Amino acid sequence: MAGPALFLGKVGATGGTSTGPHAHWEVMKDGKRFPLSKARKDIGQFLQFRLPGQETWQQLYSPESQGFRLNPAATITSPMGPRTAPSPGASTNHQGEDYSFPEGTALRFLGQGSVSTHSGQGTAGNVSALRTGPYELQTFHLSELPQASTTRKSDAADTAGLTPDTQAWAEAYVQNQIESQTQQ
C-alpha cells in the first residue's frame, strides 16, 4: 500500500535578499557536513519538488547511465564552501548548497524517515530536518512547514507522477531499505 511522501515544506523568501528564493540544503552523516550534490545518489534522487501552479512532482536528481543529473528546473546558485558574501552579514564560508526555486515551490522526500520542524531560525527562517538512515538533511528558508513532525515507515513510496522506470526503482529502493532493516 502506497503511503504519503514526507513533506519538507515550501520555499520561502528568507535568504531571498542575497540570491533570490531558494532552498538551502545541508547534509550530515557521521558528524560530517557535505553538499547535497555529493549525496545525490543517497538523498538527492529521493527529493522532489512541485513548482507553484503545477500539479506534477519532479525529481531533483534523476538516475542516468553516467550517474545522476540535476533537473534543469533547479539550479545551484551558491555551492558549499568559501564564497564572497552575497549580501552584508552573509557567510563567507557557505555551510550548504542553495538551489534556486520560485517562492512557494513544494518539497518532499520519497522514502522512510522522520521530519522535525524549527520555525523562526534567524536568517535560516523556517527549517525542516529530515532523518533517514545515517543521514540528516536540513532544508532552510521555508515559508510553510509540515503541520507536525512526521515519521514514514511505509513499505512503499508515493510514486504518483514518476516515470515507470523511476517508479519501479523507487519501490525497489524502499523494499531494499525494509529488508536491510529487517536483517539488522
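Within each chain, residues carry numbers counting from 1 in the order of the written sequence. Only residues with pLDDT of 70 or above have their local features reported here, since the model is predicted, and side-chain atom pairs are shown and tallied only from 80 upward, although totals for entire chains, interfaces and linings are computed over all residues. No hydrogens and no water enter the side-chain calculation; it runs on all heavy atoms of the structure.

Asks: Which residues make up the nonpolar core, and what values do they have?
Replies: The term nonpolar core refers to a set of buried residues drawn from Ala, Val, Leu, Ile, Met, Phe, Trp, Tyr and Cys, joined through side-chain atoms within 4.5 Å. To sort residues, take the accessible area from a 1.4 Å probe on protein chains only and compare it with the maximum for the residue type: under 20% means buried, over 50% means exposed, and anything in between is partly exposed. Membership of the largest hydrophobic core comes to 26 residues, with the highest contact counts inside it found for W25, L36, L47, L60, F101, L107 and L137. Every helix listed is a DSSP run of H or I at least four residues long, and every strand listed is a run of E at least two residues long, numbered separately from the N terminus. If you list the elements that add at least two residues to this core, you get β1 (6-11), β2 (22-29), β4 (47-50), β12 (106-109) and β15 (135-144). By the convention used here, residues are in contact when the closest approach between their heavy atoms is within 4.5 Å. If we ignore the near neighbours within four places in the chain, the residues touching L137 are W25, E26, V27, L36, I43, L47, S128, A129 and L130.

Asks: Explain the side chain of H22 to me, and be specific about the residues and the numbers.
Replies: Its place among the elements puts H22 in strand β2. Under the relative-accessibility criterion, H22 is labelled buried at 1%. Within the local environment of H22, its side chain forms a polar contact with the side chain of D98, the two groups lying 3.3 Å apart. A distance of 3.4 Å separates polar atoms of two side chains, one belonging to H22 and the other to H141. For this analysis, a polar contact is any N or O atom pair within 3.5 Å, provided that within protein one partner can donate a hydrogen and the other can accept it, and provided that sequence-adjacent residues contribute only side-chain to side-chain pairs.

Asks: How would you summarise the environment of F49 if you had to cite specific residues and measurements?
Replies: Following the sequence through the fold, F49 ends up in strand β4. What makes F49 buried here is its relative accessible area of 1%. Taking the C-alpha atoms as reference points, F49 and A106, 57 residues apart in sequence, are found 5.4 Å from one another. Among all residues touching F49, those that are not within four sequence positions of it are T56, W57, Q58, Q59, L60, N71, A73, F101, T105, A106 and L107.

Asks: I'd like a rundown of the side chain of E26, residues and numbers included.
Replies: Tracing the backbone shows E26 in strand β2. Among the polar contacts listed, one links the side chain of E26 to the side chain of H24, at a separation of 2.8 Å. Here R33 takes part through its side chain, which lies 2.3 Å from a polar atom of the side chain of E26. Apart from the residues within four sequence positions on either side, E26 is in contact with R33, Q95, G96, E136, L137, Q138 and F140.

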